[in-house]
Amino acid sequence: MGHVHIIRDFASPQEGFTRTVRIYTPDGYEQAPHHRFPVLYMHDGQNVFAHPESAVFDTWCANLTLERMVDEGRAEPWIIVAVDSGPGRLEEYSPWNEGRANVRARGDVYARFIVETLKPYVDGMYRTRQGSEWTAIMGSSLGGLMSLYLGWKYPEVFGRIGALSPSVMWSEYKLFEHWTSHSRRWSRIYLDAGTHEWINPGGVPLPYGEATRDFYVHLKQLGYADHELALVLEPEGLHHEAAWQRRLPVAMNWLLG
């Protein structure tokens, strides 16, 4: 079994407050002192791991899923860095303002925290493998939108992007407007949603299945090939941690395997 180390007051100077960061090191990390490991960054860190100090019962169980993949020879061990959401999740995971929900975006400063502060810390403290091909970012819902935003804005940093039920329709589909070309860098992008997944928080319609499929088509039209892009639509998928836990093995197998 790997180990989850929790840092309670990790400073985010870009945002002006501290965050909780949970870092999973795989089984064998201490026994392989010369080996370097790829790194997966994940949002909503309190819901990521099967761990007694996680926030909810239906977590993603990302550590157990990865350990099973490694045991079965389908992936090599990865470090997982999970960042808890902070005060004002909608704002911090919004790259652009969402007027319909009165949300003022703070996503860009959160992205800068990941790239400018957290990643250098992880690279300095842990034996990480460098390069975008070995650095992944993953999240769900608005965390999925932020993962895509980070992959779009920093393709030299994040080559693997996992977006489960991503809110690509947020801010009047602005992600479509900004992502207008292939990055021309090594890319692996995983998208999924429930086929009929749909919620309406605060009167803002969010058709996840339809919008995720449309974004997949959008990326295909920009030249992303089948080996760079995957789409999974689950007929019974709902907007809930239990659905993301269920689909995570498929996501991680395609993204990290």
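See above for the structure.
Criteria and thresholds
- Numbers given to residues run from 1 along each chain, matching the order in which its sequence is written.
- Reporting of local features is limited, given that this is a predicted model, to residues whose pLDDT is at least 70; pairs of side-chain atoms are given and counted only at 80 or more, and all residues count toward the totals for whole chains, interfaces and linings.
- Note that water and hydrogens are dropped before the side-chain values are worked out from all heavy atoms of the structure.
- Each helix is a run of H or I in the DSSP string that is no shorter than four residues. Each strand is a run of E no shorter than two, and both are numbered from the N terminus.
- Pairs of N or O atoms are called polar contacts if they sit within 3.5 Å, as long as, within protein, a hydrogen donor faces a hydrogen acceptor (for residues adjacent in sequence, only side-chain-to-side-chain pairs).
- Two residues qualify as a contact provided that any one of their heavy atoms is within 4.5 Å of a heavy atom in the partner residue.
- For helices, the fitted line uses only the C-alpha atoms of the stretch in contact; every axis is such a line through C-alpha atoms, and the angle between N-to-C directions lies from 0 to 180 degrees.
- Note on angle classes: values under 35 degrees are labelled roughly parallel, values over 145 roughly antiparallel, values of 65 to 115 roughly perpendicular, and the remainder oblique.
- Crossing handedness is read from the near helix: turned anticlockwise from the far helix by less than a right angle, it gives a left-handed crossing, and turned clockwise, a right-handed one.
- We call Asp, Glu, Lys and Arg charged. Ala, Val, Leu, Ile, Met, Phe, Trp, Tyr, Cys and Pro are nonpolar, and the rest, Gly among them, are polar.
- A pair of aromatic rings is counted whenever rings of Phe, Tyr or Trp (Trp by its six-membered ring) have centres within 6.5 Å, and the orientation is called stacked for planes under 30 degrees apart, edge-to-face for over 60 and tilted otherwise.
- Buried means the residue's accessible area, taken with a 1.4 Å probe over protein chains only, is under 20% of the maximum for its type, while exposed means over 50%, and partly exposed covers the values in between.
- Sitting over a ring, as applied to charges here, requires NZ of Lys or CZ of Arg to be within 6 Å of the ring centre and within 35 degrees of the ring normal.

### A short note on the side chain of Ser171
Move 1: Inspection of the secondary structure assignment puts Ser171 in helix 5 (residues 170-178).
Move 2: Only 3.0 Å separates the side chain of Ser171 from the backbone oxygen of Trp96, close enough to count as a polar contact.
Move 3: Each residue touching Ser171, except ones within four places of it in the same chain, is listed here: Trp96, Asn97, Glu98 and Arg100.

### What to know about the packing of helix 1 (residues 62-71) against helix 7 (residues 241-256)
Move 1: Orientation of helix 1 relative to helix 7, taken along the N-to-C sense of each, is 55°, at an axis distance of 10 Å. By the criterion of interaxial angle, the relationship of helix 1 to helix 7 is oblique. The element helix 1 and its partner helix 7 pack so that their crossing is right-handed. Contacts from Ala62, Thr65, Leu66 and Met69 of helix 1 reach helix 7 at Leu248, Pro249, Met252, Asn253 and Leu256.
Move 2: Each residue belonging to the contact of helix 1 with helix 7 can be placed in one class, and the counts come to seven nonpolar, two polar and no charged.

### Describing the packing of aromatic side chains
Move 1: A complete count under the given rule lists 15 aromatic pairs for this structure.
Move 2: Both rings, one in Tyr93 and one in Tyr110, keep their centres 5.3 Å apart while their planes meet at 50°; by these two values the pair is tilted. Of this pair, Tyr93 sits in the loop between helix 2 (89-92) and helix 3 (107-125) while Tyr110 sits in helix 3, and the two are 17 residues apart along the sequence.
Move 3: With relative accessibility at 0%, the residue Tyr93 sits in the buried group.
Move 4: Above the face of the Tyr29 ring, Arg127 is positioned so that its terminal group lies 4.1 Å from the ring centre.
Move 5: When the ring centre of Trp134 is taken as reference, the NZ or CZ atom of Arg129 above it lies at 4.7 Å.

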